[in-house]
Structure formats: C-alpha cells, structure tokens
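Descriptive analysis of the structure
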Amino acid sequence: MNEITLTSDGIIVSGGNPVESGRPLMFLSAQVKLASDCTLRSYFKLIEKYPLLSELNPFFAASLEQYRKSPAGGCQDPSLDDLLLTKTIEMIGFPGKPRLEIYHSLYGRQGADVHEIKNFPLEALLDIPLRLGKLKHIVFGDKVDLFEFDTVFTLFELIDAILWELSFHGTLLACEIRR
C-alpha cells in the first residue's frame, strides 16, 4: 500500500516530496501517517491546500466556514490531551442472522478516558494533537467479545471520518434555537 504523510501545514508528502495542489485524488487510497505535530487545524489546512478534496462531502462548506471564523491559534480545550480517530468493526447477531458494520469515530481523549467531541465547540478542538488509533473488533452474540488491533487509515477515511464527526457540531445550538 502506498504511504503518505500529512504535515502540520496540511501538505501531503509522498516519497519525500509534497503533492501538487491539483493532484490529491490519486492519494485517497494511500495509507496516511500523521506528522507528530498534526492537529485538527492541520486537517482544515489540508482541505484549503487541496480544494478538490472539499468536494468529497457536502458538509465541508459549513465546517470550513466555522473553521475560518475561529481564532488563528490557542484553540485547545485544556481537558483534552489529543483527538483520537478510531475504526470499529461490529459483528452483530451471531449466532442467528449476522450482519457486519464498519465505522470510524473521532474522540477527545484525556489519559485513558474518551469523550465525544460533539460536546466541544470546534474552536476548542483546532489546536489539539490528532492521532490515529486502533481498530476495535466487537462480536455481539451469546457473549460480547472485544479485540483491538493495529490498523491503517487511508487518506479518504481520515477526511471522511473527521468530517462526519464534525457534521454533528452545532446541532445542540440548532435545537435550542428552534425552541
């Protein structure tokens, strides 16, 4: 599998060279590694440097607008150490009629505790370090088995999973406005 690195400036690096702004699509299936100083802000810089990637999901416009209204720095909630992107595979209904669900989640983490990020404003998350987590394999049946594995994330998974989680931001405010 091809491997790329995402820098803190939002630049995709392949084979030691930065990827040109018009050519990111060919790297969507590549395994992504994050530079040690990547943050959620790095994610938004990625989308700004490679605008073609913003066409992958209709929620980008709202998230980018919210990002651009945020302060240029210092956007870190002190109750979180980092943001952790995880992958989960659930096998449900075995024995019986089994089904398989695969999904990604982005959590805020403090020590061993994880928190849903929808409870934090985007402005409190932008400068928190971004990390790639493990894969959890959960088997629901007569008993529940949980396994954890090292895994890889593709650039597409990184982009789509983070935006999916961010698409829930502001829903609490929108619900309050309707009342």
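The paragraphs below set out a description of the structure included in this document. Owing to the predicted nature of the structure, the values given are computational and were not obtained by experimental measurement.

Compared with the 16 Å implied by 1.5 Å per residue over 12 residues, the 17 Å span of helix α3 (residues 155-166) between its first and last C-alpha is a close match. A large share of α3 lies buried, amounting to nine of its 12 residues. Here α3 has its buried residues at Leu155, Glu157, Leu158, Ile159, Ala161, Ile162, Leu163, Glu165 and Leu166.

Here we take up the pairing of strand β5 (residues 82-92). Taking burial as the measure, the 11 residues of β5 include nine buried ones, the bulk of the element. Inspection of the sheet shows β5 paired to strand β6 (residues 99-110) by 11 bridges, in the antiparallel sense. In the strand pairing of β6, Ile89 is matched with Ile102.

Time to look at helix α1 (residues 40-49). Across the 10 residues of α1, seven count as buried, placing the element largely inside the fold. Leu40, Arg41, Ser42, Tyr43, Phe44, Leu46 and Ile47 are the residues of α1 that are buried. Where α1 begins, the capping side chain belongs to Thr39, and its oxygen is found 3.2 Å from the backbone nitrogen of Arg41.

Inspection of the sheet shows β6 paired to strand β7 (residues 113-116) by four bridges, in the antiparallel sense. Counted as the bridge partner of Gln110 is Asp113 from β7. Between β6 and β7, which pair antiparallel one after the other, the connecting turn spans two residues, and Gly111 there sits at a positive phi close to 60°.

On to the packing of α1 against helix α2 (residues 60-68). Two numbers describe a pair of packed helices, the interaxial angle and the distance between the axes. Direction vectors running N to C along α1 and α2 enclose 120°, while the axes themselves pass 11 Å from each other. When the interaxial angle is binned, α1 and α2 end up oblique. Viewed along their axes, α1 and α2 form a crossing whose handedness is left-handed. Note on element contacts: α2 touches α1 through Phe60, Ser63, Leu64, Tyr67 and Arg68, opposite Arg41, Tyr43, Phe44, Lys45, Ile47 and Glu48. Residue composition of the contact of α1 with α2, by class: six nonpolar, one polar and four charged.

It is worth spelling out the environment of Lys45 at this point. Tracing the sequence through the fold places Lys45 in helix α1. In this structure, the C-alpha to C-alpha distance between Lys45 and Ile11, residues 34 residues apart in sequence, is 7.8 Å. With residues up to four places along the chain from it excluded, the contact list for Lys45 reads Ser8, Asp9, Gly10 and Tyr67.

Here is what the cut-offs are and how they apply
Residues numbered from 1 in each chain as written. Predicted model: local features only at pLDDT ≥ 70, side-chain atom pairs only at ≥ 80, totals over all residues. Heavy atoms only, no water. Helix = DSSP H or I, 4+ residues; strand = E, 2+ residues; numbered from the N terminus. Expected span 1.5 Å × (residues − 1). Buried < 20%, exposed > 50% of the residue type's maximum accessible area, 1.4 Å probe, protein only. Pairing = 2+ DSSP bridges. Polar contact = N/O pair within 3.5 Å; in protein donor to acceptor, adjacent residues only side chain to side chain. Axes fitted to C-alpha atoms, helices over the stretch in contact; angles between N-to-C directions. Parallel < 35°, antiparallel > 145°, perpendicular 65-115°, else oblique. Left-handed = near helix turned anticlockwise from the far one by under 90°. Contact = heavy atoms within 4.5 Å. Nonpolar A, V, L, I, M, F, W, Y, C, P; charged D, E, K, R; others polar.

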